[in-house]
Amino acid sequence: MFAVKHFVRVNLNSNNNSISKISIRTINHQCRLLIVGGGSGGMSMGAKFAKDYKQDDIIIVEPSNLHYYQPMFTLIGGGIKTFDKSHRQTKNIIPKKVKWIQDSVTQFKPNDSMVITSEGDKISYDYMLVAMGLVLNYNQIKGCEEALACAPDSGVCSIYSPKYVSQVLPTLENFKSGNALFTFPHSPVKCPGAPQKICYLAEHLFRKRNVRDKANISYITALPVIFGVKEYAKSLVKVAAKKKINVKYSTHLVEIFPDKKEAVFQNLNDKSCTTEKYSVLHVTPPQSTPPELKAATHLTNEAGFLDVKKHNLQHVKYPNIFGIGDCTNSPNSKTVAAVAAQSQVVYKHLKALMDGKVEKQSKYDGYASCPLLTGYGTCILAEFDYNLERKETFPIDQRKESWLMYQLKKEAMPPLYWHLMLNGYWNGPEFYRKMLHLGMV
Ligand code: FAD
Ligand code: UQ1
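Rules of the game
- Residues numbered from 1 in each chain as written.
- Chains lettered and ligands numbered in written order.
- Predicted model: local features only at pLDDT ≥ 70, side-chain atom pairs only at ≥ 80, totals over all residues.
- Heavy atoms only, no water.
- pLDDT = per-residue confidence, 0-100.
- Contact = heavy atoms within 4.5 Å.
- Near = heavy atom within 4 Å.
- Polar contact = N/O pair within 3.5 Å; in protein donor to acceptor, adjacent residues only side chain to side chain.
- Areas by Shrake-Rupley, 256 points an atom, 1.4 Å probe, with all protein chains shown as cover.
- Helix = DSSP H or I, 4+ residues; strand = E, 2+ residues; numbered from the N terminus.
- Domains from an automatic or database assignment.
- Salt bridge = Lys/Arg side-chain N within 4 Å of Asp/Glu carboxyl O.
- Nonpolar A, V, L, I, M, F, W, Y, C, P; charged D, E, K, R; others polar.
- Buried < 20%, exposed > 50% of the residue type's maximum accessible area, 1.4 Å probe, protein only.
- Phe/Tyr/Trp six-rings, centres within 6.5 Å; stacked < 30°, edge-to-face > 60°.
- Pairing = 2+ DSSP bridges.
- Axes fitted to C-alpha atoms, helices over the stretch in contact; angles between N-to-C directions.
- Core = buried A, V, L, I, M, F, W, Y, C linked by side-chain atoms within 4.5 Å.

**Regarding the confidence of the model for the protein chain**
Alright, step 1. Looking at the protein chain, pLDDT values average 95 and 94% of them are 70 or higher.
Alright, step 2. Within the model, the stretch residues 6–19 combines pLDDT values under 50 with 24 contacts to residues more than four positions away or in other chains.

Here's what the structure looks like:
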C-alpha cells in the first residue's frame, strides 16, 4: 500500500479582478482489498480479511463517524432499548490492521481497478468488495421530511433513520385518539418485517396506555401480501386480525399534509388516490442503492443494484469485484442475518481467488432471518432461503409467537453483533441449526 500526495494550487482571476486560491488534493492509495462501505457487511468482512493480511493491505472507505446496529432501531421505537446503545464510534470498531479512509466513493472505474472519492483521492485495488447498503429516500414522499422534523407534535415518525428514531416513542406516547397508520413503501426495503413490527409494538403500547379502544390502527403496504414467505404470512395475518389491525394491500403513501394531519395514499392496481386523517403516521421510506453506485451503470442492474452471481456474490462481469449485503441484486431478504450468512461464502470465494485458487464447495442459499416482534414479549422468528422455504434454527415451530425468540432478539442479538459479527466470527446460525436438529437438516 502506498499513498502519494499531490497538492495542486490553482490561481483564478475572477471578473472583479480578485484572486482566489483553490487547493485540489489528490492522494493515490493502493491496496490488496478495497471495501466500499463500513456498515454491517463491510466491517465484518474487513475483520475476517484483516486476520490474513498486513497493516493497510485492506482499506475501508466509510464516511460516517458512527456505526449503527440498525436492528435496534425497532426496539428503540418501542421503548425497549435506548438510542445510545445502537451505535459506536467507527474509529473504535475498525478492525486492527485495516486502514479507514473517512470519505465516500463517488466514481467507480472497474476497468482500471480504481475508485475516486469525494475528496478526489484515487484508490487502486487488486480486489474490491462493495458493501454500500441502501439509502432512505424520505424526499420521495412530499411533505414527509417537514413532518418528521416537527415530531412528536406532527404525529409523523420513522424507526428507519438514526435522525428520526428517537422521536418514535414520544410520538406513540402522545397518541390520544384517532387513526394510527403504518406504511410499507413501493420499493425494496431493508428488513421488510420492521414496518409491521413497529405497528404491533404500537398496538401493544396503546393497550398498556389504555387508549387502544380510541385507536383505529392500519398497516398499509405496497405489497400484495403481509410477508413474502407464505407460512409466516399465514401466522401474521392471524396476529393482525387478533389485534384488530386493518391491513390494506397494494397501497402506498405518496404525500403528507402536516398542517392538516392528512396523508395521501395511492392504490397501485387502479392508481386511485385516497386521503386519510391521522393522529400517528409511521413512515417506512422508499429505499434504493446509493446514487454513486446507481451511477456506475457498468456495475449495476437496471434497478441500480450491484450485479452479482447469487450463489457466491461475485460480480457477473468483473471477477475481482464482489458484493455483500443490501446493495447487491441477490434476491434474498435484506437483513444483517443474510449478511452474516453471506460473509462466510464471500470470504471463502474471495480469499481463494486472492490466493490463486478456486472455491468449489461454499454456496449462499439465500438465508435470511427476520425476528418479527408481535408485541412486548412475543416474536415470530422467520428464517428462510431463496426458495422462500423455512430454514429454522430451533427445534420448535417458529411460526408461533414465542417469548424465547423475543429474548433472543432483545438480549442475545446485540452482543452477538458487537462482539462476534464485527470481529468476523459470526457466519449465521447454520452450524447451530444442524446441531439442534441432530444433523437431520
Ligand atoms: P449498511 O449496514 O447500511 O452499511 C452500508 C454502509 O455503506 C454505510 O455505513 C454507509 O455510510 C456506507 N456508504 C454508503 N454510500 C457510500 C459511499 N458512496 N462510499 C462509501 N461508503 C458508503 N436486519 C436483521 O437481520 N434483523 C433485524 O431485526 C433488522 N431490523 C432492522 C430494522 C430497521 C429499522 C432497519 C433500518 C434495518 C434492520 N435490519 C435488520 C437490516 C440491517 O440493518 C441491514 O440489512 C444491514 O445493516 C445491511 O448491511 P450492509 O452492510 O449491506 O449495509
Ligand atoms: C442473525 O444472525 C442476525 O445477524 C447477526 C440477526 O441480526 C441482528 C438476527 O436478527 C437474527 C435472527 C440472526 C439469526 C440468528 C439466530 C441465532 C437464529
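Next comes the rest of the account.
**Considerations on the site of ligand 1**
Alright, step 1. Around ligand 1 sit 34 residues, and of these Gly-41, Glu-62, Asp-326, Val-336 and Ala-337 come closest.
Alright, step 2. Between ligand 1 and Gln-70 there is a distance of 3.1 Å, counted from an oxygen atom to a side-chain nitrogen or oxygen.
Alright, step 3. Separating an oxygen atom of ligand 1 from a side-chain N or O atom of Lys-409 is a distance of 2.9 Å.
Alright, step 4. Protein contact buries 92% of the 1,000 Å² of open area that ligand 1 shows by itself.
Alright, step 5. If you list the elements that add at least two residues to the shell around ligand 1, you get helix H1 (40–50), helix H2 (72–77), helix H6 (194–208) and helix H9 (336–354).
Alright, step 6. Ranked by residue count, the leading element in the shell around ligand 1 is H9, at 3 residues.

**Re the domain arrangement of the protein chain**
Alright, step 1. Once the domains are mapped, the protein chain shows domain 1 (29–132 + 289–364) and domain 2 (136–288).
Alright, step 2. Averaged C-alpha coordinates put domain 1 and domain 2 at centres separated by 31 Å.
Alright, step 3. Between domain 1 and domain 2, the residue contacts involve 18 residues of the former and 19 residues of the latter.
Alright, step 4. Taken together, the links from domain 1 to domain 2 amount to 0 salt bridges.

**Observations concerning the site of ligand 2**
Alright, step 1. Residues in close proximity to ligand 2 total 16 residues, the closest being Tyr-69, Ser-369, Pro-371, Met-413 and Trp-426.
Alright, step 2. The separation between an oxygen atom of ligand 2 and a polar side-chain atom of Trp-426 is 2.9 Å.
Alright, step 3. Contact with the protein chains hides 95% of the accessible area of ligand 2, taken as 440 Å² for the molecule alone.
Alright, step 4. Among the secondary structure elements, those contributing two or more residues to the shell around ligand 2 are H9, strand S21 (368–375), strand S22 (378–384) and helix H10 (403–420).
Alright, step 5. Grouping the amino acids of the shell around ligand 2 by side-chain chemistry returns 13 nonpolar, 2 polar and 1 charged.

**Remarks on unusual backbone geometry**
Alright, step 1. Here Ala-151 and Pro-152 are connected by a cis peptide whose omega angle stands at 5°.
Alright, step 2. For Lys-271, which is not a glycine, the phi torsion comes out positive at approximately 65°.
Alright, step 3. Take Lys-271: it is sitting in the loop between strand S16 (262–267) and strand S17 (273–277).

**Considerations on the pattern of salt bridges**
Alright, step 1. Under the counting rule described, the total for this entry stands at 21 salt bridges.
Alright, step 2. Residues Arg-32 and Asp-126 are paired through a salt bridge, measuring 3.0 Å at the closest nitrogen-oxygen approach. One end of the pair, Arg-32, is in strand S2 (residues 19–36); the other, Asp-126, is in strand S9 (residues 122–130), and 94 residues separate them in sequence.
Alright, step 3. The salt bridge involving Glu-203 is made with Arg-212; its shortest N-O contact spans 2.9 Å.
Alright, step 4. When its relative accessible area of 15% is taken as the criterion, Arg-212 is described as buried.
Alright, step 5. Overlapping salt bridges bring together Glu-231, Arg-390, Glu-392, Asp-397 and Arg-399 as one network.

**Details of the packing of aromatic side chains**
Alright, step 1. By the definition in use, this model includes 14 aromatic pairs.
Alright, step 2. Ring geometry for Tyr-138 versus Tyr-164: centroids 5.2 Å apart, planes at 85°, classification edge-to-face. Remark: Tyr-164 occurs in the loop between strand S11 (156–157) and helix H5 (168–174) and Tyr-138 occurs in the loop between strand S10 (135–136) and helix H4 (144–149); sequence separation between them is 26 residues.
Alright, step 3. Ring-pair connections join several aromatic residues into one group, and the members of that group are Phe-49, Tyr-53 and Tyr-347.

**Observations regarding the sheet that holds S17**
Alright, step 1. One open sheet accounts for 3 strands, arranged S15-S16-S17; its pairing is antiparallel. Only two strands of the sheet have a single partner each, and these edge strands are strand S15 (251–257) and S17. Direction aside, the axes of adjacent strands within the sheet are offset by 30° on average.
Alright, step 2. In the sheet, S16 pairs with S17 via 5 bridges, with the strands oriented antiparallel.

**Notes on the environment of Glu-203**
Alright, step 1. You can see Glu-203 is positioned in helix H6.
Alright, step 2. Setting aside its immediate chain neighbours within four residues, Glu-203 contacts Arg-212, Ile-217, Lys-243 and Ile-245.
Alright, step 3. At 2.9 Å, the side chain of Glu-203 forms a polar contact with the side chain of Arg-212.

**What about the nonpolar core?**
The tendency in soluble globular proteins is for nonpolar side chains to be buried side by side.
Alright, step 1. Core analysis: the biggest nonpolar cluster contains 127 residues, and Leu-34, Phe-108, Phe-227, Ile-256 and Leu-281 have the highest contact counts within it.
Alright, step 2. Two domains each provide a minimum of three residues to this core, namely domain 1 (29–132 + 289–364) and domain 2 (136–288).
Alright, step 3. With sequence-adjacent residues up to four places away left out, Phe-227 is seen in contact with Gly-193, Gln-196, Tyr-232, Ala-233, Leu-236, Cys-370, Leu-372, Ala-382 and Phe-384.

**Things to note about the environment of Asn-387**
Alright, step 1. Looking at the element boundaries, Asn-387 is found in the loop between S22 and H10.
Alright, step 2. Accessibility expressed as a relative area gives 57% for Asn-387, which makes it exposed.
Alright, step 3. Separated by 16 residues in the primary sequence, Asn-387 and Pro-371 have C-alpha atoms spaced 19 Å apart.

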